[in-house]
Amino acid sequence: MTTALEVKHINKKYKNKVVLNDINFSIQSGEIVALIGKNGAGKSTLINIITKLIQQDSGQSKIFEKEKFDRNLIGVMMQENISLDRITVKEIIKLIRTYYRNPMSYQAILALSELQNYTNHPMDKLSGGQKRKLQFALTLAGNPDLIFLDEPTVGMDAESRTKFWKHIDELKKQGKTFLITSHYLEELEKVANRFIFLHNQKIIFDGSLNEMGKQLKKVQVTFNSELIEDIFNKLPAVLRVSELNHHYTLITSDVNSLITQLVPYLSAIDNLEIRQQNLDTLMDSLIRNEE
Ligand SMILES: Nc1ncnc2c1ncn2[C@@H]1O[C@H](COP(=O)(O)OP(=O)(O)OP(=O)(O)O)[C@@H](O)[C@H]1O
């Protein structure tokens, strides 16, 4: 298997503020890796460094083990949409294709970006979701092997998102590699096989969702109840409680004890479920472990 991306000892400061502190990881070809972290964690900065849009202070990254950076191998979908006046979807896709050595076919780009019905639309007249799709189309123009997606589905409706992730899966099956950032964690949970978590300028976790759960050894118990939160906060096996509209989520590392402690309240509890934490609560637990 080829190493699609290798990142070694990357450091970056803006003025005196450290944003990335000794970042190291590699990605094998065919992986879909999610780069996760709170707002301002440094995800876009890291992608911009790897794709040579900005300069790191120290460290290096390599794409497909090549000494020299080759833009033909990568596609980058930035967070911001670009928009030009009076140029149509068809014209911009065809133009951008000409910049690359082995571009993807125009028809394949249209199908993957779901823009078949908008080819004659001026770029600046597209809706927010359509602009995102065009940004994706332009990312694919060079038929890249390693694809960076920064918040790709922002502004897309539910149906468009479903189709978007289906196309990502198809591209993965063709052997493409992805590094994706998104705050839509449920979408990442479905698509990514690995999660790299940036927090306080460092990688605090790198692995699968399962491994994240095992490392934390915590599960969540959810149920509906009219009882007050204080009752559950006082149970010794409870690490954390959250409540929304009488729907409770309790985090515990000792589920057997917690269930025993809930027994006196069972008559006032409905729909009790024990589950692995989702990405959102796992990230929260990881951050708390760091503090
Ligand atoms: N050009 C810049 N000059 C100064 N500070 C910057 C610059 N770009 C980013 N920053 C700061 O660096 C930090 C990391 O920003 P970055 O955009 O990489 O985070 P992010 O993880 O992508 O955030 P988000 O999830 O909100 O997109 C933030 O505190 C941000 O304010």
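Just so it is clear, the structure is predicted and the values come from calculations on it, not from any experiment. (Residues numbered from 1 in each chain as written. Predicted model: local features only at pLDDT ≥ 70, side-chain atom pairs only at ≥ 80, totals over all residues.)

Visitor: Explain the domain arrangement of the protein chain to me, please; I cannot follow it from the model alone.
Guide: Along its sequence, the protein chain is organised into domain 1 (3-207) and domain 2 (216-290). For domain 1 versus domain 2, the separation of C-alpha centres amounts to 36 Å. Each partner contributes to the interface: domain 1 provides nine residues, whereas domain 2 provides seven residues. Secondary structure elements with two or more residues in the side of domain 1 that touches domain 2: helix H6 (185-191), strand S8 (194-199) and strand S9 (202-207). Counting residues per element, the side of domain 1 that touches domain 2 draws most heavily on H6, which supplies three residues. (Domains from an automatic or database assignment. Contact = placed C-beta atoms within 7 Å. Helix = DSSP H or I, 4+ residues; strand = E, 2+ residues; numbered from the N terminus.)

Visitor: What exactly am I supposed to notice about the UniProt feature "domain: ABC transporter" (unreviewed entry) in the protein chain here?
Guide: Residues annotated in UniProt with the feature "domain: ABC transporter" (unreviewed entry) correspond here to residues 5-225. Secondary structure across residues 5-225 divides into 31% helix and 30% strand, with the first and last C-alpha atoms of the span separated by 48 Å. (UniProt positions renumbered as here; feature names shortened; annotations may be inferred.)

Visitor: Can you help me understand the site of the ligand in this one?
Guide: Taken together, Tyr14, Val19, Gly37, Asn39, Gly40, Ala41, Gly42, Lys43, Ser44 and Thr45 form the complete shell of residues around the ligand. For the shell around the ligand, the element with the highest residue contribution is helix H1 (residues 43-50), accounting for three residues. Split by residue class, the shell around the ligand holds three nonpolar, six polar and one charged. (Near = placed C-beta within 6 Å. Nonpolar A, V, L, I, M, F, W, Y, C, P; charged D, E, K, R; others polar.)

Visitor: Mind showing me how you'd approach the sheet that holds strand S10 (residues 219-225) here?
Guide: By way of backbone hydrogen bonds, the strands of a sheet pair with one another, either parallel or antiparallel. Strands sit in the order S11-S12-S10-S13 across an open sheet of four strands; the sheet is antiparallel. Every interior strand has two partners, whereas the edge strands, strand S11 (240-244) and strand S13 (269-276), have only one. Mean inter-strand twist for the sheet, computed between neighbouring axes without regard to direction, equals 20 degrees. Pairing of S10 with strand S12 (residues 247-252) involves six bridges; the strand directions are antiparallel. By the bridge assignment for S12, Val219 is matched with Thr252. (Pairing = 2+ DSSP bridges. Axes fitted to C-alpha atoms, helices over the stretch in contact; angles between N-to-C directions.)

Visitor: Looking at this structure, how should I read unusual backbone geometry?
Guide: A positive phi is found at Glu114, a non-glycine position, where the angle reads about 60 degrees. With respect to the helices and strands, the residue Glu114 is situated in the loop between helix H3 (106-113) and helix H4 (128-140). Unusually for a residue other than glycine, Glu151 sits at a positive phi of about 50 degrees. The topology assignment puts Glu151 in the loop between strand S6 (146-150) and helix H5 (158-173). According to the C-beta neighbour criterion, Glu151 is partly exposed, with 18 such atoms within 10 Å. (Buried ≥ 20, exposed ≤ 12 C-beta atoms within 10 Å, placed from the backbone.)

Visitor: I tried to follow the sheet that holds strand S7 (residues 177-181) on my own but got confused; where do I start?
Guide: Spatially, S5-S6-S7-S3-S8-S9 is the arrangement adopted by the six strands of the open sheet, whose pairing is mixed. Each end of this open sheet is capped by a strand with a single partner; those strands are strand S5 (74-77) and S9. Adjacent strand axes in the sheet meet at a mean angle of 15 degrees, parallel and antiparallel pairs treated alike. Where S5 and S6 come together, four bridges link them in parallel fashion. Along S6, the bridge assignment pairs Ile74 with Leu146. In the packing of H4 onto the sheet, contacts are made with S5 and S6, and the angle to S5 comes to roughly 165 degrees.

Visitor: Before we go on, may I ask you to explain the packing of helix H2 (residues 89-97) against H4 in this structure?
Guide: Axis separation between H2 and H4 bottoms out at 9 Å; the angle between their running directions is 25 degrees. By the criterion of interaxial angle, the relationship of H2 to H4 is roughly parallel. Both H2 and H4 take part in a crossing whose hand is right-handed. Counting all contacts with H2, which are made through Val89, Ile92, Ile93 and Ile96, the residues of H4 involved are Leu134, Ala137 and Leu138. Looking at side-chain class alone, the contact of H2 with H4 contains seven nonpolar, no polar and no charged residues. (Parallel < 35°, antiparallel > 145°, perpendicular 65-115°, else oblique. Left-handed = near helix turned anticlockwise from the far one by under 90°.)

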